[in-house]
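Breakdown of the fold
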Amino acid sequence: MERQDGLRSVGSHDRAIPDALAACFRQGWANTGLKLPPLPGAVYAAKRRAAVSERFPNERIVIPSGGLKARSNDFDYTFRPHSAFIHLTAEQGTQAVPDSVLVFEPTGTGHSVTLFTRPRSPRDGGPNGTEFYRDRQYGEFWVGRHRTLSETADAFGIEAAARGELERALGADVPTRVLRGEDASVDALVPPAPGPEAELRTFLSELRLVKDEWEIEQLRTAVESTVAGFHDVAGELRHATGLARGERWIEGTFNRRARLDGYGLGFETIAAAGAHACVLHWMRNDGPVRDGDLLLLDAGVEADSFYTGDVTRTLPVSGRFTDVQRRVYDLVFAAQSAGIAALRPGARFSDFHNAAIRVIVEGLDSWGLRPGGTELAHDSTLYGRYTVCGTGHMLGLDCHDCASARNENYVNGTLEAGHVLTVEPGLYFQPDDLTVPEELRGIGVRIEDDFLITDDGSVCLSSGLPRSADEVEAWMASLR
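A quick note: this is a predicted structure, and the numbers were derived from the prediction, not measured.

The three strands lie next to each other as E9-E10-E12, forming an open sheet whose pairing is antiparallel. The open sheet terminates on both sides in strands that have one partner only, identified here as strand E9 (270–273) and strand E12 (311–316). Going across the sheet, the axis of each strand differs from the next one's by a mean of 10°, ignoring polarity. Packed onto the sheet, helix H10 (residues 213–240) meets strand E10 (294–299) and E12 and runs at close to 155° relative to E10.

So, about unusual backbone geometry. Despite not being glycine, Ala 90 has its phi angle at roughly 65°, a positive value. Note on placement: Ala 90 falls in the loop between helix H3 (83–89) and strand E4 (101–106). Unlike most non-glycine residues, Asp 99 shows phi in positive territory, near 70°. Structurally, the position occupied by Asp 99 is in the loop between H3 and E4.

Now for the sheet that holds strand E16 (residues 449–453). Overall, antiparallel pairing links the three strands, which are arranged E13-E16-E17 in an open sheet. Of all strands in the sheet, those with a lone pairing partner are strand E13 (420–423) and strand E17 (458–460), marking the two edges. The average undirected angle you get between the axes of adjacent strands in this sheet is 35°. In this structure, E16 lies alongside E17, joined through three bridges in antiparallel fashion. Its bridge partner being in E17, Leu 452 is matched across the sheet by Val 459.

A word on a nonpolar patch on the surface. A surface patch of nonpolar side chains, amounting to about 400 Å² of accessible area, comprises Trp 29, Phe 141, Trp 142 and Val 143. Mapped onto the elements of the fold, Trp 142 is located in helix H5 (residues 140–143).

As a further point, take H10. Across its 28 residues, H10 extends 39 Å between first and last C-alpha, which sits within 8% of the 40 Å expected from 1.5 Å per residue. A maximum bend of about 30° is found in H10 at Ala 234. Sitting at the amino-terminal end of H10 is Asp 212, which places a side-chain oxygen 3.1 Å from the backbone nitrogen of Trp 214.

Glancing now at the pattern of salt bridges. Counted according to the given criterion, the structure contains 32 salt bridges. The salt bridge partner of Glu 165 is Arg 168, with a shortest N-O separation of 3.5 Å. Judged by its relative accessible area of 35%, Glu 165 falls in the partly exposed class. Residue classification places Arg 168 among the exposed positions, given a relative accessible area of 62%.

Moving on, we come to the packing of aromatic side chains. Applying the stated criterion across every chain, the model contains 15 aromatic pairs. Centre to centre, the rings of Tyr 263 and Phe 306 are 5.2 Å apart; their planes meet at 75°, and the pair counts as edge-to-face. Here the residue Tyr 263 occupies a position in the loop between helix H11 (246–261) and strand E8 (264–265), and Phe 306 occupies one in the loop between strand E11 (301–302) and E12, the gap between them amounting to 43 residues. On the basis of relative accessible area, Tyr 263 is assigned to the buried category, the value being 13%. Here Tyr 386 and Phe 429 contribute two aromatic rings whose centre-to-centre distance is 5.4 Å and whose plane-to-plane angle is 55°, an arrangement assigned as tilted. Here Phe 429 lies in strand E14 (residues 426–429) and Tyr 386 lies in helix H14 (residues 384–387), a separation of 43 residues in the sequence.

Right, let's talk about the packing of H10 against H11 for a bit. Between H10 and H11, whose axes approach to 9 Å, the crossing angle comes to 150°. Looking at the two axes, H10 sits roughly antiparallel to H11. In this structure, H10 meets H11 at a crossing whose hand is right-handed. Within the contact between the two elements, H10 uses Ser 225, Thr 226, Ala 228, Gly 229, Phe 230, Asp 232, Val 233, Glu 236, Leu 237, His 239 and Ala 240 and H11 uses Gly 246, Trp 249, Ile 250, Thr 253, Phe 254, Arg 257 and Asp 261. Split into classes, the residues belonging to the contact of H10 with H11 amount to eight nonpolar, six polar and four charged.

How each quantity is defined
Residues numbered from 1 in each chain as written. Predicted model: local features only at pLDDT ≥ 70, side-chain atom pairs only at ≥ 80, totals over all residues. Heavy atoms only, no water. Pairing = 2+ DSSP bridges. Helix = DSSP H or I, 4+ residues; strand = E, 2+ residues; numbered from the N terminus. Axes fitted to C-alpha atoms, helices over the stretch in contact; angles between N-to-C directions. Contact = heavy atoms within 4.5 Å. Patch = residues over 30% accessible without salt bridge, like charges linked within 9 Å, V, L, I, M, F, W, Y side chains within 5 Å. Areas by Shrake-Rupley, 256 points an atom, 1.4 Å probe, with all protein chains shown as cover. Salt bridge = Lys/Arg side-chain N within 4 Å of Asp/Glu carboxyl O. Expected span 1.5 Å × (residues − 1). Bend = angle between axes of the 7 residues up to and from the residue. Polar contact = N/O pair within 3.5 Å; in protein donor to acceptor, adjacent residues only side chain to side chain. Buried < 20%, exposed > 50% of the residue type's maximum accessible area, 1.4 Å probe, protein only. Phe/Tyr/Trp six-rings, centres within 6.5 Å; stacked < 30°, edge-to-face > 60°. Parallel < 35°, antiparallel > 145°, perpendicular 65-115°, else oblique. Left-handed = near helix turned anticlockwise from the far one by under 90°. Nonpolar A, V, L, I, M, F, W, Y, C, P; charged D, E, K, R; others polar.

Shown next, in the form of structure tokens:
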């Protein structure tokens, strides 16, 4: 429910402001204007905006950042702008302002670009004069200082205007495409154009497929922090075994690194011990971590620039794999190694997946494990019962990056230098799966690393972590 004073709902901090106190708030404030340098990635964002301008001549393009989302009553989730908005502005995590909108206005020879955003909360007693001390969502007493409009222009290298001027700016009759579904008030200002707007969303997604040098550096930073988080966790495993909900300790250990080094998490941490490792997206993280079990940790640090790592390791809690655990781990390791060997420019995106699955199928066959029984004709697709999902995905601003790209340019496309992706085969034997021997039930193993495609092959960005079973055991022994 919206209140007339702009607050979303009544909370424990709401109280009447006496006139004398309101008058006191209108005076005695120092001028704290700053001269800000350009954002670190501003030069690269300008090149991406130029690509948008070239692709959509004589059309207005509207890219909202999105806004706050309520978590409970008058508390909001931490704000994260839409990835397309980040890509075209190089905005940084702690400075991002909700409800900002990037507008490309056609000029006949290209576009002028304006960022409509919330400026600093005024202190002059004007129409929004109480915002800075009364508005819990946007007021600076509540959420901290915003940039001024001139500071915003300096930081982004584009014109900045108050968000309140957006409706007037969109009023002229110009063919317009909106990144729809991110800001309801923006959507209401422009009649929908489903076909053209779907085309815009696809273009913005495909624009992120090949990373530039600045993006690659951000991904290196994110992955390095992610690797550091895994080292933190390995050092805490022993402590986690003494807790009823040891998975939560593991989760918290990694999440602390994410907040220390970056903006936060690229996705919710998966800390899956024992049979929980058979659940692909186990995020409850409420179980124990027991000696003799495996811990599957799938996690990623999101850097201040919003680029994220995505790494998985499966660790023996006791420090050493049992014979059967090692057998499963070694097969997944061999599959990942085959997938990695298939990474090179010009290869089909599906090649690394097919190479990894081929190893898994042959390995399971050698164990006499054939889904549906040996009496059925051999069908490699049936092994999906134990692998379930694909073997990797693009990585960038989103963990599963470029999701709106066309199949022919992504899953059915070819790898290029500048692509960044994961290779992450896994085997998941459900605890109630009667098609596998009892000794395998409840074992889940996934190994995931992040790779940059180069001119002549690939580079593992997450090489700071051990991969093989022997290396994992030696690593864990060194921490005891």
